[in-house]
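Residue-level structural notes
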Amino acid sequence: MEDTRSELHRLLTTEKLEEIISMTDQVMEANYKAISEKASGMPDVETYQRLLDYCYQQVGLYVDNPDNMMKLLQQSTNIQPVYNSIVETEEFKEICTEEYKGFPRVIAMTVLAGTEAAAAHAAYQVLKDESEPVADYLDHLVDVYQGYVRDAISYGKGENKNVVMTGHKQ
């Protein structure tokens, strides 16, 4: 695994990282528009939209940094500190009032994990023909991040209260 990560690091040139970031931003924008459209019919749409705006802004700032993108692609366990940095801010706490309980946290995790899955998929698309072990690793990484999304949704539905971000396929 260490050899694969070293190979990934070698393959992730500045140009390729920029391409991956651009592809990830395009997916984020499409997801944001789709979710915002669905939210427009929800009760208390202003709060929901404010939450979406904040989460997408924070996640966007994170993934647009090439150093962070490199970490995201090399360590699936990086998600917990990033998530904490989003939900522990005063701005998030202002949105996450008692009446909404854990719903904003579920949205934050879903946006973050979904974006990380999109980034891993973009990296897979960019690098799939360069190294089979790296392609296999990135394909698995997509599954891991998608597992985090499923866990967050499951948690939000009350189906699973034991969400652990281990970096292993859920």
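You'll find the structure just up there.
The following paragraphs examine the structure supplied in this document.

**Focus: the overall build of the protein chain**
Across its full length, the protein chain holds eight helices and zero strands. Mapped in sequence order, the helices and strands of the protein chain form the string α-α-α-α-α-α-α-α. Sorting the 170 residues of the protein chain into buried and exposed places 44% on the buried side. Sequence separation of at least 24 residues holds for 72% of the intrachain contacts in the protein chain that already meet a minimum separation of 6. Working note: accessible area of the protein chain is about 9200 Å², and carbon and sulfur atoms make up 49% of it.

**Considering the nonpolar core**
Among soluble globular proteins, nonpolar side chains are generally buried collectively. Membership of the largest hydrophobic core comes to 52 residues, with the highest contact counts inside it found for Met69, Leu73, Phe92 and Leu138. The biggest single contributor to this core is helix H7 (residues 103-127), with 13 residues.

**Focus on the packing of aromatic side chains**
Enumeration according to the criterion identifies three aromatic pairs in this entry. Considering the side-chain rings of tyrosine 32 and tyrosine 56, the 5.3 Å spacing of their centres and the 75° angle between planes classify their relative orientation as edge-to-face. On the criterion of sequence distance, the pair formed by tyrosine 32 in helix H2 (residues 14-39) and tyrosine 56 in helix H3 (residues 45-63) is long-range, its members being 24 residues apart. By relative accessible area, tyrosine 32 is classed as partly exposed at 25%. For the ring pair tyrosine 54 and phenylalanine 92, a centre distance of 6.3 Å and an interplane angle of 45° mean the geometry is tilted. Within this pair, whereas tyrosine 54 is found in helix H3, its partner phenylalanine 92 is found in helix H6 (residues 90-95), the two being separated by 38 residues in sequence. An identical accessibility class is assigned to tyrosine 54 and phenylalanine 92; each is buried.

**Some remarks on the layout of surface pockets**
Its volume calculated, the largest pocket comes out at about 210 Å³. In this structure, the largest pocket is lined by 13 residues; those nearest its centre are Asn31, Ile35, Tyr56, Thr110 and Gly114. Those elements that place two or more of their residues in the lining of the largest pocket are H2, H3 and H7. With six residues, H7 is the single largest residue contributor to the lining of the largest pocket.

**What to know about the packing of H2 against H3**
Taken N-terminus to C-terminus, the directions of H2 and H3 make an angle of 175°; their axes are 11 Å apart at the nearest point. Here H2 is positioned roughly antiparallel relative to H3, judged by the angle of their axes. Residue-level inspection shows Ile21, Thr24, Asp25, Met28, Asn31, Tyr32, Ile35, Ser36 and Ala39 of H2 in contact with H3, the latter providing Val45, Tyr48, Gln49, Leu52, Asp53, Tyr56, Val59, Gly60 and Val63. A breakdown of the residues in the contact of H2 with H3 according to their chemical character gives 11 nonpolar, five polar and two charged.

**Comments concerning helix H1 (residues 2-11)**
All of the buried residues along H1 are Thr4, Leu8 and Leu11. All buried residues of H1 project into a common sector of 65° when viewed along the axis, lining one side. Along H1, the residues that are exposed and aim more than 90 degrees away from the buried face are Glu2, Asp3 and Arg10. Where H1 is buried, its residues contact H2, helix H4 (66-74), H7 and helix H8 (132-156).

Procedures and definitions
Residues numbered from 1 in each chain as written. Predicted model: local features only at pLDDT ≥ 70, side-chain atom pairs only at ≥ 80, totals over all residues. Heavy atoms only, no water. Helix = DSSP H or I, 4+ residues; strand = E, 2+ residues; numbered from the N terminus. Buried < 20%, exposed > 50% of the residue type's maximum accessible area, 1.4 Å probe, protein only. Contact = heavy atoms within 4.5 Å. Areas by Shrake-Rupley, 256 points an atom, 1.4 Å probe, with all protein chains shown as cover. Core = buried A, V, L, I, M, F, W, Y, C linked by side-chain atoms within 4.5 Å. Phe/Tyr/Trp six-rings, centres within 6.5 Å; stacked < 30°, edge-to-face > 60°. 1 Å grid on protein atoms, 1.4 Å probe; cavity = no way out; pocket = protein on both sides within 12 Å on 5 of 7 lines; lining within 4 Å. Points joined across faces, edges and corners; volume = space filled by probe spheres on them. Axes fitted to C-alpha atoms, helices over the stretch in contact; angles between N-to-C directions. Parallel < 35°, antiparallel > 145°, perpendicular 65-115°, else oblique. Nonpolar A, V, L, I, M, F, W, Y, C, P; charged D, E, K, R; others polar. Arc of directions from axis to C-beta.

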